[in-house]
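One-letter residues, chain by chain:
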Amino acid sequence: MGEPGEPAVIGVDIGGTKIAAGRVTASGAVAARAVRATPRTGGAQAVLAAVVEMVGELGPAEAVGVGAPGVVDVAGGRVLSATEVLPGWAGAEVGTALRAALGVPVAVDNDVRVMALGELCAGAGRGARDLLFVSVGTGVGGALALDGRIRHGSAWSAGELGHLLVPHEGAVPCGCGRRDHLEAAASGPAIVAEYRRRGGEPVDGLPEVAARMRAGDAVAAEVIAAAATLVGRAVAGLVDAIGVQRVVVGGGVASIGAAYVQHVADAFRAEVLPPLRDVPVVAAELGTDAPLVGAAELARRREGDR
Ligand SMILES: [Zn+2]
């Protein structure tokens, strides 16, 4: 629990398979948590009802922050569009519905933006004002912070770096359908598909390809290094264009080992303009706590806006 008298702020991370919630202290520690499976039926209404119950389990809250999949209109707390990761999620009035049910201020942002905010305030981004967060997992995305604030751009899409063009035909389609986008070549599913395409042993998923790399499988090592190199090169071009102080690499693929982030950093350094070669490229630190910490920070910042 937080310090006596400290506002109790709860961060919520809504995912396609599970919902996590945590009571987060002002210093960014998760003091109590709740997790449950995301309802598969009942659409957004069932998902938001589960969130209300979980917040209730964690005790009274003065404010709630939510990280949600899809493109989120942060001002309105509304999901503008979403993939089928959560059926019926597009159009969900997350902010309005939760404020009405909980009776406290509720702030909502895209899940990757929220992870980035967690790393910025309490993780690998601490102390940086201008930061690029790169998330490599089932998809490839990211977030941009300038002057200590997550930026969203005119269509709430700022940070969506998965659609950067890469000189490689990906083994799976990007979420948008293209094959020559970073996500198509560097996501977790892309690495697994590329490993199969290169004649590697049959594998279930990314953890198995990563285990094979660690066991000395040369094809697994090459496929993972090649995917990481594409990320590093694409990110270098982006950093040339916008100029940040630090790059933080997170997500499920980044967590397969230090070698992955090292490949990203090496490719970045070989590609980026000379004045930016000292920009650190580092691994995210908070893991699955990042969205909880970031969502709570989002709620605190929005409270301060009032
Ligand atoms: Zn794309």
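Residues numbered from 1 in each chain as written. Predicted model: local features only at pLDDT ≥ 70, side-chain atom pairs only at ≥ 80, totals over all residues. Heavy atoms only, no water.

Participant: Could you clarify how one ought to interpret the side chain of R113 in this entry?
Facilitator: Its location among the elements puts R113 in helix α3 (residues 111–122). At 3.2 Å, the side chain of R113 forms a polar contact with the side chain of E160. What R113 contacts, discounting residues up to four positions off in sequence, is G142, A143, I150, H152, W156, S157, A158, G159 and E160. (Helix = DSSP H or I, 4+ residues; strand = E, 2+ residues; numbered from the N terminus. Polar contact = N/O pair within 3.5 Å; in protein donor to acceptor, adjacent residues only side chain to side chain. Contact = heavy atoms within 4.5 Å.)

Participant: Just checking my understanding: could you explain the coordination of the zinc ion for this structure?
Facilitator: Six octahedral donors around a metal ideally sit at 90 or 180 degrees from one another, while four tetrahedral donors ideally sit at 109.5 degrees. Within the protein, the atoms that donate to the zinc ion are H163 (ND1), C174 (SG), C176 (SG) and H181 (ND1), at distances of 2.1 to 2.3 Å. Metal-centred angles of 97 to 122 degrees between the four donor atoms at the zinc ion mark the site as tetrahedral. Between consecutive donor residues of the zinc ion, the sequence gaps follow H-x10-C-x1-C-x4-H. Here the residue H163 occupies a position in the loop between β10 (149–151) and α4 (182–186), and C176 occupies one in the loop between β10 and α4, the gap between them amounting to 13 residues. Note on H163: relative accessible area 37%, which makes it partly exposed. (Donors = N, O, S within 2.8 Å, 3.2 Å for Na, K, Ca; no water. Tetrahedral: all angles 85-135°; square planar, octahedral: opposite > 155°, others 65-115°. Buried < 20%, exposed > 50% of the residue type's maximum accessible area, 1.4 Å probe, protein only.)

Participant: Help me understand the sheet that holds strand β8 (residues 131–136) in this model?
Facilitator: Strand pairing within a sheet occurs via backbone hydrogen bonds; the two strands may be parallel or antiparallel. In spatial order, the strands read β10-β9-β8-β11-β12; together these five strands make up an open sheet with mixed pairing. In this open sheet, the two edge strands, each paired with only one partner strand, are β10 and β12 (281–283). Here the average twist between neighbouring strands, direction ignored, is 30 degrees. In this structure, strand β11 (residues 246–250) lies alongside β12, joined through three bridges in parallel fashion. Each bridged residue has a counterpart across the sheet, and for V248 the counterpart in β12 is V282. (Pairing = 2+ DSSP bridges. Axes fitted to C-alpha atoms, helices over the stretch in contact; angles between N-to-C directions.)

Participant: How do you make sense of the pairing of β11 when you look at a structure like this?
Facilitator: Every regular strand shows the same layout, with side chains that alternate between the two sheet faces. By the criterion of burial, β11 is predominantly enclosed, with five of the five residues buried. As defined by bridge partners, β8 adjoins β11 across five bridges and the pair is classed as parallel. Counted as the bridge partner of S135 is G250 from β11. What joins β11 to β12 is helix α8 (residues 258–271), and the crossover it makes is right-handed. (Right-handed = clockwise from strand over helix to strand, strands pointing away.)

Participant: How should the packing of helix α5 (residues 188–197) against helix α6 (residues 206–214) be read in this particular structure?
Facilitator: Across the interface, α5 lies against α6 with an axial gap of 9 Å and an inter-helix angle of 60 degrees. Judged by the inter-axis angle, α5 sits oblique to α6. Crossing geometry of α5 relative to α6 is assigned as left-handed. On α6, the residues that touch G188, I191, V192 and Y195 of α5 are L206, V209 and R212. A class-by-class count of the residues in the contact of α5 with α6 yields five nonpolar, one polar and one charged. (Parallel < 35°, antiparallel > 145°, perpendicular 65-115°, else oblique. Left-handed = near helix turned anticlockwise from the far one by under 90°. Nonpolar A, V, L, I, M, F, W, Y, C, P; charged D, E, K, R; others polar.)

Participant: Would you mind going over α3 with me for this structure?
Facilitator: The periodicity of an α-helix, 3.6 residues per turn, causes residues three or four places apart in sequence to face the same way. Over its 12 residues, α3 runs 16 Å from end to end, which matches the ideal 16 Å to within 8%, given 1.5 Å per residue. Buried residues dominate α3, accounting for 11 of its 12 residues. Within α3, the full set of buried residues consists of D111, V112, R113, V114, M115, A116, L117, G118, E119, L120 and A122. A distance of 2.9 Å separates the backbone nitrogen of V112 from a side-chain oxygen at the start of α3, and that oxygen is part of N110. (Expected span 1.5 Å × (residues − 1).)

Participant: Would you explain the sheet that holds strand β2 (residues 18–24) in this entry?
Facilitator: Taking strand neighbours across the sheet as the criterion, the five strands line up as β3-β2-β1-β4-β7 in an open arrangement whose pairing is mixed. Edge positions in the sheet fall to β3 (30–37) and β7 (106–110), since each of these pairs with one other strand and no more. Averaged over all pairs of adjacent strands, the angle between strand axes in this sheet comes to 15 degrees, irrespective of strand direction. Summarising the sheet, strand β4 (residues 63–68) and β7 pair through five bridges and their orientation is parallel. Opposite G67, over in β7, you have D109 as the bridge partner. Seen against the sheet, helix α2 (residues 94–102) touches β4 and β7 and runs at an angle of roughly 150 degrees to β7.

Participant: Hey, could you run me through unusual backbone geometry in this one?
Facilitator: Across the chain, the bulk of peptide bonds are trans and the bulk of non-glycine residues have phi less than zero. Backbone geometry places D147, a non-glycine residue, at a positive phi of 50 degrees. Looking at D147, the relative accessible area reads 48%, which means it is partly exposed. Phi is positive for W156, close to 60 degrees, though the residue is something other than glycine. Here W156 shows up in the loop between β10 and α4.

Participant: Help me understand the nonpolar core in this model?
Facilitator: If you look at soluble globular proteins, the nonpolar side chains tend to sit buried side by side. L132, L182, V231, V239, V247, Y260 and F268 are the most contacted members of the largest nonpolar core, which has 44 residues in total. Residue contributions to this core peak at 11 residues, all from helix α7 (residues 218–242). Not counting chain neighbours up to four residues away, the residues in contact with L132 comprise A143, L144, L161, V235, L238, V239, I242, V244, R246, V247 and V248. The next biggest cluster of nonpolar side chains, apart from the first, holds 29 residues, and it includes V12, A32, V64 and V108. (Core = buried A, V, L, I, M, F, W, Y, C linked by side-chain atoms within 4.5 Å.)

Participant: Would you mind showing me how to read the layout of surface pockets here?
Facilitator: By rolling a water-sized probe across the atoms, one finds the places where empty space is left. Here the largest pocket defines a volume of roughly 1,600 Å³. D111, V112, S135, T138 and G139 are the residues nearest the centre of the largest pocket, which is lined by 50 residues in total. Contributions of two or more residues to the lining of the largest pocket are made by β1 (9–14), α3, β8, β9 (140–146), β11 and α9 (290–305). Considering each element in turn, the lining of the largest pocket owes the most residues, five residues, to α3. Within the lining of the largest pocket, the residues separate by chemical class into 19 nonpolar, 23 polar and eight charged. Of the pockets and cavities examined, the second largest pocket occupies roughly 290 Å³. What lines the second largest pocket is a set of 14 residues, among which R149, I150, H152, L298 and R302 lie closest to the centre. Looking at the lining of the second largest pocket, the elements with two or more residues in it are α3, β10 and α9. For the lining of the second largest pocket, the leading source of residues is α9, giving four residues. Class assignment for the residues of the lining of the second largest pocket results in six nonpolar, one polar and seven charged. (1 Å grid on protein atoms, 1.4 Å probe; cavity = no way out; pocket = protein on both sides within 12 Å on 5 of 7 lines; lining within 4 Å. Points joined across faces, edges and corners; volume = space filled by probe spheres on them.)

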